[in-house]
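Structural overview
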Amino acid sequence: MERHGLGGLLIGEDVNIVILVYKSYSGGRMRGISPTSYISIEQFKSTPLHEPLEIMSCINQGLPTIVYTFGYRGKATGPATTAVLNAYISKKKRNVILLDWEEEAQSGLLGIPLGYALSAVPNAKKIGRALGDALTKMTASGVNLTDIHLIGHSLGAHIMGFAGKRVREYGNVITRITGLDPARALFEGVLAVYSGLDRTCARLVDIVHSDPGGYGISSAAGTVDIWPNYSRNGVTQPGCPHGKIHMLKQEDLCNHDRSWHFFVEALGAPTSFPCAAAESYEEWIAGNGDVEQKIYLGDLTSMRAKGNFYLNTKADSPYSMGAEGMIPNDNQTRVRRNPNFTRILRYFR
């Protein structure tokens, strides 16, 4: 079986895209091209994760480096991956790395619940640690560790957490990890058997909680925790359906996926999602929009920020409400759908 592991793309002089591919147990391959100018995301250089120095020719050591990966049952060509990579390509002035673990992220013959618990999550930990080893090798070869920003969606967020912890074992610290609604099952609750992304994994760990208590964790685990459209009645993102929905269908993932939708929109318009600081949701409501401190969701999140931050969004893209989004709307009715992992992974919570 053929697959990518880590691959890369070089676009012009401003954007270097590299893809690190996890070496599949069933084989795997490297697909490479010479580091000249390209204009398509389909053109890239790839290398197994255990051989990261093969892509050093694509890395501009004078640019910051972004590393992104997807979650359970995700794909290297999926909508989240494509949107995030294209957003950074448009921004330019970046080395962009995709960690491709598509084969190891699938449920396989075990089915969705068991595939997650017995295959995908153990793979995520193993791959995260391997990524930490790869980043350590790359920094020893000239990549500036202070310019590395890891970004992961769902279970991919925990991969980045495991990578950050592994880098710490070498005596170094990743500068920033962004968790886009980190996966909840097996990382939170009664059967939380894994310790994934938390504030110890990097100097700044910023987390966007778009489905807390559903597919995403509900605890404030980051240095910065951003809570879009939060309500004391639970979170159903505006525009997303509620009620009983077939598991892992697009409608079921709507709340979970809003985290990367917001992040991608913020990459294109960096000040579009201002967030109000508050110790708690109740304090935010009591303040009624009187904001003493704010940050921005996305690349402009302050490295000095700490605590909880709240905002409201529109139901459709473009989601930004600008400064108006920092004004709480406690009268909005949000009826929570049946919690996803109660149905999917009821034995693992």
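A quick note: this is a predicted structure, and the numbers were derived from the prediction, not measured. Every chain is numbered on its own, with residues counted from 1 as its sequence reads. Only residues with pLDDT of 70 or above have their local features reported here, since the model is predicted, and side-chain atom pairs are shown and tallied only from 80 upward, although totals for entire chains, interfaces and linings are computed over all residues. Hydrogens and waters are ignored; side-chain quantities use all the structure's heavy atoms.

The subject of this paragraph is the pattern of salt bridges. Take a side-chain nitrogen of Lys or Arg and a carboxyl oxygen of Asp or Glu: if they are within 4 Å of each other, that pair is a salt bridge. This model, assessed by the stated rule, comprises 9 salt bridges. The salt bridge partner of R166 is E169, with a shortest N-O separation of 2.6 Å. In this pair, R166 and E169 are both assigned in helix α3 (residues 155-169), 3 residues apart and thus about one turn of the helix distant. Burial classes follow relative accessibility: with a 1.4 Å probe on protein chains only, a residue under 20% of its type's maximum area counts as buried, one over 50% as exposed, and anything between as partly exposed. By relative accessible area, which is 18% here, R166 ends up buried. The salt bridge partner of R176 is D206, with a shortest N-O separation of 2.8 Å. The way it works is that DSSP assigns letters per residue, a run of H or I at least four long becomes a helix, a run of E at least two long becomes a strand, and they are numbered from the N terminus.

This part takes up the state of the cysteines. The term disulfide is used for any two cysteine sulfur atoms that are within 2.5 Å. Considering all chains together, one arrives at 1 disulfide under this definition. A sulfur-sulfur separation of 1.9 Å characterises the disulfide bridge that pairs C240 with C254. Linking C240 and C254, the disulfide has an S-S dihedral of approximately -75 degrees and is accordingly described as left-handed. Within this pair, whereas C240 is found in the loop between β9 (224-228) and α4 (254-268), its partner C254 is found in helix α4, the two being separated by 14 residues in sequence. Classification of C254 by relative accessible area gives buried; the value is 14%.

Glancing now at the nonpolar core. We call a set of buried residues a nonpolar core when its members are Ala, Val, Leu, Ile, Met, Phe, Trp, Tyr or Cys and they connect through side-chain atoms within 4.5 Å of each other. Grouped together as the largest cluster of nonpolar side chains are 77 residues, with contacts concentrated most on Y116, L150, L155, I174 and L297. For this core, the element with the most residues is helix α2 (residues 112-140), which contributes 11 residues. Throughout, a residue-residue contact means that at least one pair of heavy atoms, one from each residue, lies within 4.5 Å. For I174, the contacting residues outside a window of four places in its chain are L135, L145, I148, L150, G164, V167, C201, A202 and R203.

As a further point, take the pairing of strand β8 (residues 202-208). Across the 7 residues of β8, 6 count as buried, placing the element largely inside the fold. For two strands to be treated as a pair, DSSP must find at least two bridges joining them. Two strands pair when backbone bridges link them, and strand β7 (residues 174-180) and β8 are joined in this way by 6 bridges, in the parallel orientation. Within β8, the residue paired with G179 across the bridge is I207. The pairing of β8 with β9 spans 3 bridges and is classified as parallel. If you follow D206 over to β9, its bridge partner there is V224.

Here, axes are lines fitted to C-alpha atoms. For helices the fit covers the stretch in contact, and angles between N-to-C directions go from 0 to 180 degrees. For the pair α2 and α3, the least separation of the axes is 7 Å and the interaxial angle reads 45 degrees. It follows that α2 is oblique to α3 by the angle criterion. Note that α2 runs across α3; the crossing there is right-handed. Here Y116, A120, V121, A124, K125, G128, R129, L131, G132, D133 and T136 of α2 come into contact with α3, specifically with L155, I159, M160, F162, A163, R166, V167 and E169. Each residue is assigned to one of three groups, with Ala, Val, Leu, Ile, Met, Phe, Trp, Tyr, Cys and Pro labelled nonpolar, Asp, Glu, Lys and Arg labelled charged, and all others, Gly among them, labelled polar. Across the contact of α2 with α3, the residue classes break down as 11 nonpolar, 3 polar and 5 charged. For classification, angles of less than 35 degrees are called roughly parallel, those exceeding 145 degrees roughly antiparallel, those between 65 and 115 degrees roughly perpendicular, and all remaining angles oblique. Less than a right angle of anticlockwise turn of the near helix away from the far helix marks a crossing as left-handed, whereas a clockwise turn marks it as right-handed.

What pLDDT reports is the predictor's confidence in each residue, on a scale of 0 through 100. A residue-level look at the protein finds 81% of positions with pLDDT of 70 or above and a mean pLDDT of 83. Below pLDDT 50 for its whole length, residues 1-16 participates in 101 contacts with residues either more than four positions away or in separate chains. Of the regions scoring below 50 in pLDDT, residues 332-349 engages in 68 contacts with residues more than four places distant in sequence or in other chains.

Here the focus is the packing of aromatic side chains. The description of two aromatic rings rests on the distance between their centres and on the angle between their planes. Any two rings among Phe, Tyr and Trp, with Trp reduced to its six-membered ring, count as a pair given centres within 6.5 Å; such a pair is stacked if its planes are under 30 degrees apart, edge-to-face if over 60, and tilted if neither. Here the structure, examined in full by the defined rule, presents 12 aromatic pairs. Taking the centre distance of 5.3 Å and the plane angle of 15 degrees together, the rings of W284 and Y310 count as stacked. Linking W284 in helix α5 (residues 281-287) with Y310 in strand β12 (residues 307-311), this pair joins segments that are 26 residues apart in sequence. For the pair W284 and Y310, one class covers both residues: buried. Following the ring pairs from residue to residue traces out a cluster consisting of W227, Y230, Y281, W284 and Y310.

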